[in-house]
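Secondary and tertiary structure notes
As a plain string of letters, each chain reads:
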Amino acid sequence: MTPADGVRGAGLFLMLLLLTTGVFAQSGQISWVTDPGVRNRMSAMNTNNAALTVLGDMMGGRAVFNRDRARDARRTLIATTRRIPALFRKAHADTLSNARPDIWSNWSDFKGRAKSAQKAARGLDIYSLPRLRKTLPRLVHACLACHRAYRKDMR
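Quick caveat: nothing in here was measured; it's all calculated off a predicted structure.

**Brief notes about a positive patch on the surface**
Where like charges cluster on the molecular surface, the positive patch consists of Arg 82, Arg 89, Lys 111, Lys 115, Lys 119, Arg 122 and Arg 138. Here the element with the most residues in the positive patch is helix α5 (residues 107–122); it accounts for 4 residues.

Put into structure tokens, the structure is as follows:
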């Protein structure tokens, strides 16, 4: 591991922390959400977060790299990111929703961002730790870009 890898790893850790902080806060809220559509969206984001945490922990050295666990996390991310447009197609309302109304007024942009996340999830290379380190940042960036634009607590 070179010093540059350490800097990249620290940067990715900070990005993952930013991405997951809000998700951890919302995980306790799901039981309070009355709209099933919002509950499904929050559940999917929590599922993504759990899979990203598995990969981020491996990448950051907080967990031993395990190809089978990485493959399972990749499969989860592919399946869940594929569902994002369907989960957000209808503007469900709930006071605990973190979705900005801009999603539905900028639907094509939102859908494009979801497609970028899907493509990045499919592009995850989980066959070795160095390959994971090269491909995971793209997915994290795709998630953060969408959250910054369309999640209430990310601006």
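**Describing the packing of helix α2 (residues 36–59) against helix α3 (residues 67–88)**
Helices that pack against each other are described as a pair by the angle of their axes relative to one another and the distance between those axes. At their nearest, the axes of α2 and α3 sit 9 Å apart, and the two run at 150° to each other. With respect to α3, the axis of α2 lies roughly antiparallel. The way α2 lies across α3 gives a crossing that is left-handed. Counting all contacts with α2, which are made through Asn 40, Arg 41, Ala 44, Met 45, Thr 47, Asn 48, Ala 51, Leu 52, Val 54, Leu 55 and Met 58, the residues of α3 involved are Arg 69, Ala 70, Ala 73, Thr 76, Leu 77, Thr 80, Thr 81, Arg 83, Ile 84, Leu 87 and Phe 88. Residues belonging to the contact of α2 with α3 are distributed by class as follows: 13 nonpolar, 6 polar and 3 charged.

**As for the nonpolar core**
In this structure, Leu 52, Leu 55, Leu 77, Leu 124, Leu 132, Leu 136 and Leu 139 are the most contacted members of the largest nonpolar core, which totals 21 residues. Counting residues per element, the ones that place at least two in this core are α2, α3, α5 and α6 (129–150). If you tally residues by element for this core, the top one is α6, at 7 residues. If we ignore the near neighbours within four places in the chain, the residues touching Leu 55 are Ala 70, Ala 73, Leu 77, Leu 124, Ile 126, Leu 132 and Leu 136. Of all hydrophobic cores here, the second largest spans 12 residues; its members include Met 45, Ile 84, Leu 87 and Cys 146.

**So, the pattern of salt bridges**
Applying the stated criterion to the full structure yields 5 salt bridges. Put simply, Arg 71 and Asp 68 hold a salt bridge, and the shortest N to O gap is 3.0 Å. Residue Arg 71 and its partner Asp 68 are both found in helix α3; the two are separated by 3 residues, about one turn of the helix. For Arg 71, a relative accessible area of 29% corresponds to the partly exposed category. One salt bridge connects Arg 151 with Asp 153, and the closest N-O pair in it is separated by 2.5 Å. Owing to a relative accessible area of 6%, Arg 151 belongs among the buried residues under this scheme.

**Quick look at the packing of aromatic side chains**
In total, this model carries 3 aromatic pairs according to the counting rule given. Aromatic side chains Phe 110 and Tyr 150 sit 5.5 Å apart centroid to centroid with 85° between the ring planes, which places their arrangement in the edge-to-face category. Here Phe 110 is found in helix α5, whereas its partner Tyr 150 is found in helix α6, with 40 residues between them in sequence. Taken individually, Phe 110 and Tyr 150 each receive the classification buried, so the pair is uniform in this respect. Counting every residue linked through ring pairs, the aromatic cluster contains Phe 88, Trp 107, Phe 110 and Tyr 150.

**Observations concerning the layout of surface pockets**
As a volume, the largest pocket reaches approximately 150 Å³. Taken together, Thr 81, Arg 82, Pro 85, Lys 111, Ala 114, Lys 115, Gln 118, Lys 119 and Arg 122 make up the lining of the largest pocket. Broken down by secondary-structure element, the contributors of at least two residues to the lining of the largest pocket are α3 and α5. With 6 residues, the single largest contributor to the lining of the largest pocket is α5. Residue composition of the lining of the largest pocket, by class: 2 nonpolar, 2 polar and 5 charged.

Rules used in this analysis
- Residues numbered from 1 in each chain as written.
- Predicted model: local features only at pLDDT ≥ 70, side-chain atom pairs only at ≥ 80, totals over all residues.
- Heavy atoms only, no water.
- Patch = residues over 30% accessible without salt bridge, like charges linked within 9 Å, V, L, I, M, F, W, Y side chains within 5 Å.
- Areas by Shrake-Rupley, 256 points an atom, 1.4 Å probe, with all protein chains shown as cover.
- Salt bridge = Lys/Arg side-chain N within 4 Å of Asp/Glu carboxyl O.
- Lys, Arg positive; Asp, Glu negative; His and termini not counted.
- Charge placed at Lys NZ, Arg CZ, Asp CG, Glu CD.
- Helix = DSSP H or I, 4+ residues; strand = E, 2+ residues; numbered from the N terminus.
- Axes fitted to C-alpha atoms, helices over the stretch in contact; angles between N-to-C directions.
- Parallel < 35°, antiparallel > 145°, perpendicular 65-115°, else oblique.
- Left-handed = near helix turned anticlockwise from the far one by under 90°.
- Contact = heavy atoms within 4.5 Å.
- Nonpolar A, V, L, I, M, F, W, Y, C, P; charged D, E, K, R; others polar.
- Core = buried A, V, L, I, M, F, W, Y, C linked by side-chain atoms within 4.5 Å.
- Buried < 20%, exposed > 50% of the residue type's maximum accessible area, 1.4 Å probe, protein only.
- Phe/Tyr/Trp six-rings, centres within 6.5 Å; stacked < 30°, edge-to-face > 60°.
- 1 Å grid on protein atoms, 1.4 Å probe; cavity = no way out; pocket = protein on both sides within 12 Å on 5 of 7 lines; lining within 4 Å.
- Points joined across faces, edges and corners; volume = space filled by probe spheres on them.

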